[in-house]
Amino acid sequence: MFVTKHAAELCALLVNDLYGELPSRILAALFTKGRSTITQLGLYTQLGPRQIRNGLGVLIQQNLLYHHTDADTKRTTYEANPDACYNLVRSGKILEMIESQYGKAERDLVQTLLLLGYARIAELTHAYVSRAPRSNGHANGNGVNGADSGLIESEAELHNVLSHLIRCEIIETVRPQSFRNPNDVYHEIEAEVTKTAPGEKATKTKIDQQRQIMEQYRAFKDQPKALKRQLDQFGGPVTKRRKLGNGLGEEDRAMEDDMPPLNPNVVVRVNYDKCLVELRSHRLASFAKDTLGEVTGEVYRTLLGLLTMDVSRCRADPFLGEESIAQQATATTMDVYEHLDESINVTTGIGKAPKDKIDYQSAEKIKTAPAGNDMINDDSDEDPSGPFDSDDSDDMGTKGSFSRRSRSVSKTNGARPTKVTFEDAATSTDNRLDQMRAHLLLLAESKHRFVRHCGTQGRGQWTVDFDQVMERLRETELDASIEQSFGRHGLRLTRILREKGKLDEKMLPSAALMKKTDVQAKMLAMQMAGLVDVQEVPKDNTRVANRTLFFWFFDRERSQAQILDDLYKAMVRALQTLQVERHRERNILSFVERKDVMGKEEEVMTAEHYNKYNRHLEEQNKLLGQVMRLDEMVSIFREY
Amino acid sequence: MSTSATGAGPSRANGSSDADSAKLAVLKELLYERCREEGDMFSQDDLLRMEVIPNRDLLLLARVVQSLSDDKLFITMREASGQVLWKWRDKQEAHKYKQCTTDEQVMVYSLIDDSGGDGIWTQTLQKRLNMHDSVLKNAIKQLQAKGLIAPFKNVEHPNKKMYIKASIRPSDRATGGPWYTDQDLDEAFIEDLQRVVFDFIKRQSSYHSTHAGAAKAAHGHAQVPKKGIIKGGLSDAAAKGKKRDATEMEAKPVAPTTAAKNPLAVSSSTAAAASRREPALLPLPAGYMAYPTVRDIARLLSSSGITNNTILSEGDVKKLVDVLVWDNLVEPIKVAGKVGYRVSRIAKQSVESWAGREDPSGRGGGPELYISPLTEAPCGRCPVFDLCEEGGPVGPSNCEYFKKWLGKEIF
């Protein structure tokens, strides 16, 4: 990851907040100076070797560093791991997601692991078993849970939860190799493979070498998942039936009872990549909710849950390229239907339209390949009667008539409100399925291309072209921030430039229906902000202004990078403001931290102080909430 | 008139015999009439083929055409290939050349005539004619006094002094089309039209649901559906869904996040959310064919008469809709081979209409846009964001904006 000044500042600030100043200072030095040894760190930070070792210990325990000991020189170098540092800000989100997707016990375990950084399974077992007897009154800080809180109480249970999470890739195993920068590993492998011994001719072809490099690198990347594969062999495809949405089915865990005990010496930690996949699904679902409505968003969420089950990271590994993303998963309508939360009322959320105004053919159109960039122009009106998909189109016809029939059923229901339909099981199942399908079709039709209708098996197969949807989401975020900083006109001008590429200054006013002077002022303001830029093309050698063409253009990558940096800075500022606030209220805060005050603040404090304390808590919530929302945007631009 | 034209036309060949000139006049008349019947442009062969000229006499043809050109009844043109073509000119127009008394006037007038609806700049005139400034000015002044030419302003070059024939109207390019009033871009007009178009698209591309939850239905004010299509069944179905949710929630405790996801559960639990479930817009099912097209919108605008005297072509309306698309307010959608438009972010749009609102703050009923988290907090809108640094003139410790945002009084 490319680290800007503000990103480094943010990481150091986060570490400072969580683990104190010492690790933060070392981290800041590592960010500014790059890879260093302990002696060098001593020079940069003016700290003694003992302190540095302590600080490095904390950082390594929290997986915040890469370190490597060269085999020849025996020198150890340390390097900051910016992604891991940044991920600290996401802990809360991840825990919330784990709880809603998997359950309380899983959340508890992940929380423990996040606190510990990484841990041996034996240590975890010890911790949980020793805690178990006093589980009623434990001072864990996160709520007073009764006996049936779903928390882990026995070793067997711990192992069940652990192996479940390992199989879901939420937890991965740690090896010495895990602390190496993947960049380094790749280059080392590359050097190893391409190196020729003295006298030996370079016989291997480039392609062969490349393949070898890829294989070795993939082996390195797959290491943390070794345990998962091992577990998968024992347990069979259990994860397939994972309950989505709310809580984990009890039968799921029960089925893993006969699992062999986990090797207590294995070290585990949280796999952020997989967590990000889940968070991405969450964000996409709320994007769909935002554009099309709540119910559609829920259907989408269910579909995403199914599709991302085997996706272990959001973006393809830059070294492995596309290969690292598994074959694009598809889900059938029936799958989605089975996994859809029963409390979701799919009858709502879509308007009704007279039958004759619905073109089922285009609604049900099957797209076997991801569409190009422009939905309106590329559509190509392929006729479905081509030799290729003649059977497909047959299917489509029957399907169309089928949903037509069911639609008319729902219509009669609407007309006779006295009839209670949902007790009439046969039709309501069918109805529900069709109505859910309508939501999926709606998603497929949207300009954001949430889903792609890619097959006809099982009442239709669906897939998601994540990079396209994410591109749309990024675009939406970018548009929103442009709109709010430069107004509707600013947005309009940049969108024109994005659509048309480089555009002569003279063309802009007429396309945007704006006054020439307004356009110029707006463009200038946006140029100052770095969103757009101008290219001058002189018509002749004199290079006078009136013999020069001015082409405006919009640099998408640059503006995204810029907005990302602004986001880091805004996060830093929000956190710093929080620090300032804390400093201002330090008297009250230190009072609240006292053991005899904690828990009964209202009784002990005076009304004035208590109010002040509450106000501070509100401010803190507001600031931290804002940081979380900014993080959401950062994820969109960077990770998802 | 033709006789007078013949008389005035200098006959170049010999001009001696009256019979000859009379014959020429007849031929001229004949050729001119034939051309008017036949079409627009003629080459030499075309003219010969008309069989007006006896014996296909080229020399005679040359004389006739020359004479017609001298009378300004024929316009000589040259194709890119070098071939010479002729076009006929209306007799009345040709007559105007007669009003030009001097050669300079004729030259100036012919250039202005050629420039047509776009008009011509005085500087261009001068460059082409290579005349002295005062001569040109004089000619223009006289032509203007005779009511042959008129000055006008071109929106593309508002600072240039342009002239156009008095008898024709400036072209759309020169006036800027319907968007301009008196050479100024009529922004208020455009803005209002956009609102009307946006409202129209919003109405036509969404399903207006009263969507009253059970709680709302009890109050009774949501009972009257706004549109004819909505049946009572909808709110009834919502009530049913509500009932089922409640029973399910009793049966097994739903995780809080799931409850929050379920709109109906929310509507029963929090009052704030319940107020949100006012009449709402819903997306139409996939494959809906009746999304308004540019043609529909153009028809609406012309039939509603809100544009009073201005006539908007389909191209103009397309421009208007394009701008709305660029503003992220509507989106194009292609169904069954035709492109229609629907409103973006339908789930969040309000049912109120945007147009015809008085409040100058402007957002009421307008499009609901996605608000970026960045710009919602102080930093995204901070005018001194670039300067902001701890220890600098502005920084987190003395940030006024954050103080305001956190609801603190400024010290």
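Position numbers for residues count from 1 along each chain, tracking the sequence in the order it is written. In the order they appear in the text, chains get letters beginning with A and ligands get numbers beginning with 1. Two thresholds apply to this predicted model, a pLDDT of at least 70 for residue-level local features and 80 or more for giving and counting side-chain atom pairs, whereas whole-chain, interface and lining totals are computed over all residues.

**A look at the overall build of chain A**
No. 1: Working definition: helices are DSSP H or I runs of at least four residues, strands are E runs of at least two. Numbering for both runs from the N terminus. Of the regular secondary structure elements, chain A holds 27 helices and 11 strands.
No. 2: With C-beta atoms placed from the backbone, a residue counts as buried when 20 or more other C-beta atoms lie within 10 Å of its own, as exposed when 12 or fewer do, and as partly exposed for counts between those limits. Looking at chain A residue by residue over its 640 residues, the buried ones come to 37%.

**Structural notes on the sheet that holds strand E2 (residues 74–78) of chain B**
Residue and element names in this part refer to chain B.
No. 1: Pairing in this open sheet of 3 strands is antiparallel, and the strands run E1-E3-E2 from one edge to the other. Edge positions in the open sheet fall to strand E1 (41–42) and E2, since each of these has one partner strand only.
No. 2: Where E1 and strand E3 (residues 84–88) come together, 2 bridges link them in antiparallel fashion. Looking at E3, one finds that Phe42 is bridged to Trp86. The pairing criterion is simple: DSSP has to find at least two bridges between the two strands.

**Looking at the packing of helix H21 (residues 466–500) of chain A against helix H23 (residues 516–528) of chain A**
Residues and elements named next belong to chain A.
No. 1: Here the axes come from fitting lines to C-alpha atoms, over the contacting stretch only for helices, and the angles between their N-to-C directions go from 0 to 180 degrees. Where H21 contacts H23, the two axes come as close as 10 Å, and the packing angle between them is 85 degrees. By the angle between their axes, H21 is roughly perpendicular relative to H23. Here Phe486, His489, Gly490, Leu493 and Thr494 of H21 lie close against H23, whose contacting residues are Asp518, Val519, Lys522, Met523, Ala525 and Met526.
No. 2: For this classification, the nonpolar set comprises Ala, Val, Leu, Ile, Met, Phe, Trp, Tyr, Cys and Pro, the charged set comprises Asp, Glu, Lys and Arg, and every other residue, Gly included, is treated as polar. Across the contact of H21 with H23, the residue classes tally to 6 nonpolar, 3 polar and 2 charged. For classification, angles of less than 35 degrees are called roughly parallel, those exceeding 145 degrees roughly antiparallel, those between 65 and 115 degrees roughly perpendicular, and all remaining angles oblique. Residue pairs qualify as contacts under a 7 Å threshold applied to their C-beta atoms, which are placed from the backbone.

**Some details on the UniProt feature "domain: RNA polymerase III subunit RPC82-related helix-turn-helix" (unreviewed entry) in chain A**
No. 1: Mapped onto the present numbering, the UniProt feature "domain: RNA polymerase III subunit RPC82-related helix-turn-helix" (unreviewed entry) falls on residues 9–66 of chain A.
No. 2: Spanning residues 9–66 of chain A, this segment combines 78% helix with 3% strand, and its end C-alpha atoms are found 18 Å apart. UniProt positions are given in the numbering used here, feature names are shortened, and annotations may be inferred rather than shown by experiment.

**A word on the sheet that holds strand E3 (residues 118–120) of chain A**
Residue and element names in this part refer to chain A.
No. 1: Ordered by their spatial adjacency, 3 strands build an open sheet running E3-E5-E4, and the pairing between neighbours is antiparallel. On the outer flanks of this sheet lie E3 and strand E4 (171–174), each paired with one strand and no other. Each strand of the sheet is rotated relative to its neighbour by a mean of 35 degrees, with strand direction disregarded.
No. 2: Here E3 runs beside strand E5 (residues 267–270); their pairing, made up of 3 bridges, is antiparallel. Bridging across to E5, Tyr118 finds its partner in Arg269.
No. 3: Along the sheet, helix H7 (residues 104–116) contacts E3, E4 and E5; its crossing angle with E5, the most-contacted strand, is approximately 100 degrees.

**Looking at the nonpolar core**
Across soluble globular proteins, nonpolar side chains show a tendency to be buried alongside one another.
No. 1: Buried Ala, Val, Leu, Ile, Met, Phe, Trp, Tyr and Cys residues form a nonpolar core when they are connected through C-beta atoms within 7 Å. Judged by nonpolar contacts, the single largest core of 173 residues is most densely connected at Cys11(A), Leu27(A), Leu303(A), Met571(A) and Val197(B).
No. 2: What Val197(B) contacts, discounting residues up to four positions off in sequence, is Ile297(B), Leu320(B), Val321(B) and Leu324(B).
No. 3: In this structure, Leu27(B), Ile53(B), Leu68(B) and Trp86(B) belong to the second largest nonpolar core, which totals 15 residues.

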